[in-house]
Amino acid sequence: MKTKFITYLVLILAISMTAMVSAESLRVGFYQSTCPLAELTVRRSVNRFVSRNPGIAAGLIRMHFHDCFVRGCDASVLLDSIPGSPSEKEHFANKPDIIAFAARDSACQVGGINYDVPAGRRDGRVSLKDEVIQNLPPPSFNATQLEDNFAKKGLSLDEMVTLSGAHSLGISHCSSFSNRLYTFNSTHPQDPSMDTRYAVFLKTRCPRLSSKGASRDPTMPLDIGTPNTLDNTYYKELSNHRGLLTSDQTLFDSPSTAGFVKDNILHPSTWAAKFALAMVGVGSIDVKTGTEGEIRKNCKVVN
Ligand code: HEM
Ligand SMILES: *[C@@H]1O[C@H](CO)[C@@H](O)[C@H](O)[C@H]1NC(C)=O
Ligand SMILES: *[C@@H]1O[C@H](CO)[C@@H](O)[C@H](O)[C@H]1NC(C)=O
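Residues numbered from 1 in each chain as written. Chains lettered and ligands numbered in written order. Predicted model: local features only at pLDDT ≥ 70, side-chain atom pairs only at ≥ 80, totals over all residues. Heavy atoms only, no water.

### Some thoughts on the coordination of the iron atom of ligand 1
Step number 1: Donation to the iron atom of ligand 1 from the protein comes from one atom only, His167 (NE2), at 2.0 Å.
Step number 2: Counting through the fold element by element, His167 comes out in the loop between helix H9 (157–164) and strand S1 (171–173). (Donors = N, O, S within 2.8 Å, 3.2 Å for Na, K, Ca; no water. Helix = DSSP H or I, 4+ residues; strand = E, 2+ residues; numbered from the N terminus.)

### A short note on the site of ligand 1
Step number 1: By nearness alone, 25 residues border ligand 1, and His167, Gly170, Ile171, His173 and Ser176 come closest of all.
Step number 2: A distance of 3.3 Å separates an oxygen atom of ligand 1 from a polar atom in the side chain of Ser172.
Step number 3: A distance of 2.6 Å separates an oxygen atom of ligand 1 from a polar side-chain atom of His173.
Step number 4: At the level of elements, helix H4 (55–69), helix H8 (143–151), H9 and S1 are the ones that each hand at least two residues to the shell around ligand 1. (Near = heavy atom within 4 Å. Polar contact = N/O pair within 3.5 Å; in protein donor to acceptor, adjacent residues only side chain to side chain.)

### Quick notes on the nonpolar core
Step number 1: Of all hydrophobic cores here, the largest spans 33 residues; its most connected members are Leu163 and Leu251.
Step number 2: Secondary-structure elements contributing two or more residues to this core are H4, H8, H9, helix H12 (233–239), helix H13 (246–253) and helix H15 (268–283).
Step number 3: By size, the runner-up hydrophobic cluster in this structure holds 13 residues, among which are Cys174, Met194, Cys206 and Leu244. (Core = buried A, V, L, I, M, F, W, Y, C linked by side-chain atoms within 4.5 Å. Buried < 20%, exposed > 50% of the residue type's maximum accessible area, 1.4 Å probe, protein only.)

### What to know about the state of the cysteines
By definition, a disulfide links the sulfur atoms of two cysteines through a covalent bond.
Step number 1: Summed over all chains, the structure comprises one disulfide.
Step number 2: The side chain of Cys174 participates in a disulfide bridge whose partner is Cys206; the two sulfur atoms lie 2.0 Å from each other. As the torsion about the S-S bond is roughly -70°, the Cys174-Cys206 disulfide counts as left-handed. Within this pair, whereas Cys174 is found in the loop between S1 and helix H10 (179–182), its partner Cys206 is found in the loop between helix H11 (196–205) and strand S2 (219–221), the two being separated by 32 residues in sequence. The exposure classification of Cys174 matches that of Cys206, with both residues buried. (Disulfide = S-S within 2.5 Å.)

### Considerations on the site of ligand 3
Step number 1: The immediate surroundings of ligand 3 are formed by Phe184, Asn185, Ser186, Thr187, His188 and Pro192.
Step number 2: Between ligand 3 and Asn185, the relevant distance is 2.4 Å, taken from an oxygen atom to a side-chain nitrogen or oxygen of the residue.
Step number 3: A distance of 2.8 Å separates a nitrogen atom of ligand 3 from a polar atom in the side chain of Thr187.
Step number 4: Relative to its unbound accessible area of 370 Å², ligand 3 is 43% covered by the protein chains.
Step number 5: Of the residues belonging to the shell around ligand 3, the class tally is two nonpolar, four polar and no charged. (Areas by Shrake-Rupley, 256 points an atom, 1.4 Å probe, with all protein chains shown as cover. Nonpolar A, V, L, I, M, F, W, Y, C, P; charged D, E, K, R; others polar.)

### A word on the UniProt feature "binding site: Ca(2+) 2" (unreviewed entry) in the protein chain
Step number 1: The UniProt record annotates "binding site: Ca(2+) 2" (unreviewed entry) at Asp223, Thr226 and Asp231.
Step number 2: Tracing the sequence through the fold places Thr226 in the loop between S2 and H12.
Step number 3: If sequence neighbours within four positions are ignored, Thr226 has contacts with Ser168, Asp231 and Thr233.
Step number 4: The exposure class assigned to Asp231 is buried, which follows from its relative accessible area of 17%.
Step number 5: When neighbours within four sequence positions are excluded, Asp231 is seen to be in contact with Ser168, Asp223, Thr226 and Trp271. (UniProt positions renumbered as here; feature names shortened; annotations may be inferred. Contact = heavy atoms within 4.5 Å.)

What follows is the structure, given as C-alpha cells:
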C-alpha cells in the first residue's frame with residue numbers, strides 16, 4: 001500500500017513538474033534534451049525521503065499549493081527573510097511542517113531541478129510574509145469564501161473541491177480547528193456540524209487553549225480514515241461529519257459543493273484524474289517566463 005502511495009505521489013509531482021514546462025510560453029520537452037535525468041533524479045530523491053517519512057509527501061504537496069497561491073509558482077516560498085522584510089517562510093502556515101524539511105537538501109534538490117533547466121519556470125525574487133495571509137485561504141472559510149479565493153487564481157469550484165482532497169494526507173495542528181471543539185459560538189460551544197463522537201475523541205487529544213504558537217499544540221490527521229494514503233476516503237469522512245477543518249466540512253454541508261463531494265465518493269478514479277489535472281492547474285498559476293524573475297543559484301536566496 002505504501003509503495004502504491006509513493007508511486008502515486010511521484011506521478012503527481014511529475015505531472016506538476018510537467019505543468020511547469022507545459023504552461024503557455026514554456027517549452028515542452030526541454031528536460032528530455034538538456035537534462036534527461038531531471039525527472040528521474042527528482043523521483044529518486046522523493047522516493048528516498050518519502051519512504052523514510054511519509055509526512056514529507058504531505059509537506060511537498062502542500063508546499064506546491066502554498067508556493068503557487070502566493071506570487072505564482074516561483075519557489076518564493078523557499079526564500080529566506082532579508083533584514084527588515086520577513087519572507088513567506090515566516091508565516092506560520094509555512095513554518096511548522098513544511099519549511100522544516102524544505103530547508104533541507106531534499107526539497108532544495110526537488111526545487112533545484114529548475115535551476116539546471118535553462119527553459120521552464122523561472123524563480124521569483126520577492127517573498128513577503130504578509131502576502132501569505134492575503135492569498136491563502138484560512139481554515140475558517142465557508143464554501144463561498146473558498147470558491148472566491150480559488151476563483152481569484154483561475155480555479156473552478158470543482159477544482160477547489162477536488163484539490164481539497166489533498167487533505168486526505170497529512171496533519172493539522174489543534175489550533176487550526178479547536179474553536180470547533182470549545183468556542184464555536186455563543187449558543188453552541190461545539191460545532192454542531194461535527195460528529196459528536198469524533199468531537200469527543202478530538203477533545204481528548206486537543207487541549208482547550210490551543211492557539212497558534214502555543215507551547216502545546218498537538219497535531220491530528222486531516223483524514224482520520226486513511227491518514228497516509230492519498231485517496232477519496234477524505235470525502236467519505238466529510239459525509240460522516242468527520243471533516244477536521246471548517247473548510248473541509250463545509251464542502252459537504254454546502255449545497256453548491258455537496259454534489260462534487262458525493263461524486264468523488266462514488267467515482268474514486270475520476271477524482272484521482274481530476275486531482276492530477278487540478279495540480280497541473282495549480283502549477284501554472286502566474287508562471288514566470290522569458291526574462292521575468294531569475295534562475296536562482298541557491299534555493300534560499302535571490303541571486
Ligand atoms: C481549500 C482551502 C484550504 C485550506 C483552508 C487549507 C488549510 C490547511 C490547514 C489549516 C492545514 C493544517 C495546518 C496546521 O495546522 O498545521 C492544512 C494542511 C495541509 N494542506 Fe491544506 N488547505 C486548503 C487547501 C489545500 C490544497 C489545495 C492543498 C494541496 C493541493 C492542500 C494540502 C495540504 C496538506 C498536504 C496538508 C498537510 C500538511 C502536513 O501534514 O504537513 N491544502 N491545510
Ligand atoms: C460565508 O461567509 C461570508 C463572510 O463571512 C458570509 O457573508 C456568507 O453569508 C457565508 N456563506 C454561507 C453560505 O454561510
Ligand atoms: C451558532 O451556530 C449554530 C450552528 O451553525 C447556529 O444554528 C446558531 O444560530 C449559532 N448561534 C449564534 C448565536 O450565532
